[in-house]
Amino acid sequence: MIPKTWVKFIVALFLLPLVWVLTKTFLETLGFSLYHGLLTTPGCLFFLAGIVLWIIAFWLLPRSWLVWTYVYGHECTHAIWVKFFGGRVEENFYVSTEGGHILSDRVNTWIALAPYFFPVYSLIVISIYGVASLLIDMTPFEWVMFLLLGFTWAFHLTFTCLFVFQGQPDVHYGGTFFSIIMIYGINLVLVILVLLRSAPYVSTTAFLEQFVSNLAELIDQLQRIVGRLFLELDGFMDYIQARH
């Protein structure tokens, strides 16, 4: 039997070029959006204001409060994904400033990594806004959503980075390299969705077209590199045969 971590390592190697192209496309789209007035849009301004509020809170509020809040959301996210996969979770789970855990009848890579790519507090904000929008016109309060979204997303990314670099067992479960690629890739997709929602003159179709173009360019470059390597290898083999 081949260890699962080996298989996931190979999968991560194939995902790496896609993540690279996604990052390149995101940076190009971000640059285009900034040039065309992204920073003047209300959504972007309030999102950035939320990030600034988080930075202030991070330095002023007791660290124990923030860590406990993150750990509680972290364990709730584990529980949500256990339920999503049809598992059972004990009602009481342990949460403290030193860490936490839940008791469940199953675990897999998605359950283990969910807290690192599933910003539970941000999704609560979006869910409340979405449900409220079905009942009343929430357009005048859209700025509140972006403000809270910036705050909660910065909260999520800050503690995700801190916990990942501390070497959490969750990250080692499916192999560190695979886990890092998955965490980075999914968080990047979420940031891209926010950018597409708030940026002017940028559409999902245009983003996908740019992604496909960048992917084709990368494939062409890789093909040329591989072709050159084979030519060098053939030349080397001819040299060895000539020597003998």
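Analysis parameters
Residues numbered from 1 in each chain as written. Predicted model: local features only at pLDDT ≥ 70, side-chain atom pairs only at ≥ 80, totals over all residues. Heavy atoms only, no water. Buried < 20%, exposed > 50% of the residue type's maximum accessible area, 1.4 Å probe, protein only. Helix = DSSP H or I, 4+ residues; strand = E, 2+ residues; numbered from the N terminus. Contact = heavy atoms within 4.5 Å. Polar contact = N/O pair within 3.5 Å; in protein donor to acceptor, adjacent residues only side chain to side chain. Axes fitted to C-alpha atoms, helices over the stretch in contact; angles between N-to-C directions. Parallel < 35°, antiparallel > 145°, perpendicular 65-115°, else oblique. Left-handed = near helix turned anticlockwise from the far one by under 90°. Nonpolar A, V, L, I, M, F, W, Y, C, P; charged D, E, K, R; others polar. Salt bridge = Lys/Arg side-chain N within 4 Å of Asp/Glu carboxyl O. Phe/Tyr/Trp six-rings, centres within 6.5 Å; stacked < 30°, edge-to-face > 60°.

Asks: Give me the lowdown on helix 4 (residues 109–117), citing residues and values where you can.
Replies: Counted residue by residue, helix 4 has eight buried out of nine residues, so it is predominantly covered. Of the positions making up helix 4, those classed as buried are Thr-109, Ile-111, Ala-112, Leu-113, Ala-114, Pro-115, Tyr-116 and Phe-117. Considering only its buried residues, helix 4 is in contact with helix 1 (4–35), helix 3 (63–84), helix 6 (142–165), helix 7 (169–173) and helix 8 (176–198). If you check the start of helix 4, you find a side-chain oxygen 3.0 Å away from the backbone N of Trp-110, and it comes from Asn-108.

Asks: Can you tell me about the packing of helix 2 (residues 42–60) against helix 6, naming the residues and giving the values?
Replies: In contact at an axis separation of 7 Å, helix 2 and helix 6 are set at 45° when each is read in the N-to-C sense. Classified by the angle their axes make, helix 2 and helix 6 are oblique. Crossing of helix 2 over helix 6 shows right-handed handedness. Taken together, the residues of helix 6 that come into contact with helix 2 (itself represented by Gly-43, Phe-46, Phe-47, Ala-49, Gly-50, Ile-51, Leu-53, Trp-54, Ala-57 and Phe-58) are Trp-143, Phe-146, Leu-147, Leu-149, Gly-150, Phe-151, Trp-153, Ala-154, Phe-155, Thr-158 and Phe-159. Along the lines of polarity and charge, the residues of the contact of helix 2 with helix 6 split into 17 nonpolar, four polar and no charged.

Asks: Go over the pattern of salt bridges, please, and point to the residues and values.
Replies: Counted according to the given criterion, the structure contains four salt bridges. Asp-105 is paired through a salt bridge with Arg-106; the nearest N and O atoms lie 3.5 Å apart. When the shortest N-O distance is used, the salt bridge between Arg-224 and Asp-220 registers 3.0 Å. Taken together, the residues Arg-224 and Asp-220, both in helix 9 (residues 204–243) and four residues apart, mark about one turn of the helix. The exposure class of Arg-224 is exposed, given its relative accessible area of 53%. Judged by relative accessible area, which is 35%, Asp-220 ranks as partly exposed.

Asks: Summarise the environment of Tyr-201; cite the residues concerned and give the values.
Replies: With respect to the helices and strands, the residue Tyr-201 is situated in the loop between helix 8 and helix 9. A relative accessible area of 66% means that Tyr-201 is categorised as exposed. For the pair Tyr-201 and Arg-106, spaced 95 residues apart in the sequence, the C-alpha separation amounts to 45 Å. Residues within four places of Tyr-201 in sequence aside, it is in contact with Phe-32 and His-36.

Asks: Residues and numbers for the side chain of Thr-77, please.
Replies: Turning to its location among the elements, Thr-77 is positioned in helix 3. For Thr-77, a relative accessible area of 1% translates into the label buried. Those residues within four positions of Thr-77 in sequence are excluded, and the remaining contacts are Ala-114, Pro-115, Phe-118 and Val-120.

Asks: Kindly report on the packing of aromatic side chains, identifying the contributing residues and their values.
Replies: One pass over the full model with this rule turns up 22 aromatic pairs. A ring pair is formed by Tyr-121 and Phe-155, whose centres lie 5.7 Å apart and whose planes are at 70°; its orientation type is edge-to-face. Taken together, the positions of Tyr-121 in helix 5 (residues 120–135) and Phe-155 in helix 6 put the pair 34 residues apart, joining distant regions of the chain. Taking the relative accessible area as the measure of exposure, Tyr-121 reaches 25% and is therefore partly exposed. Judged by centre distance (6.4 Å) and plane angle (70°), the ring pair of Phe-159 and Phe-163 falls under edge-to-face.

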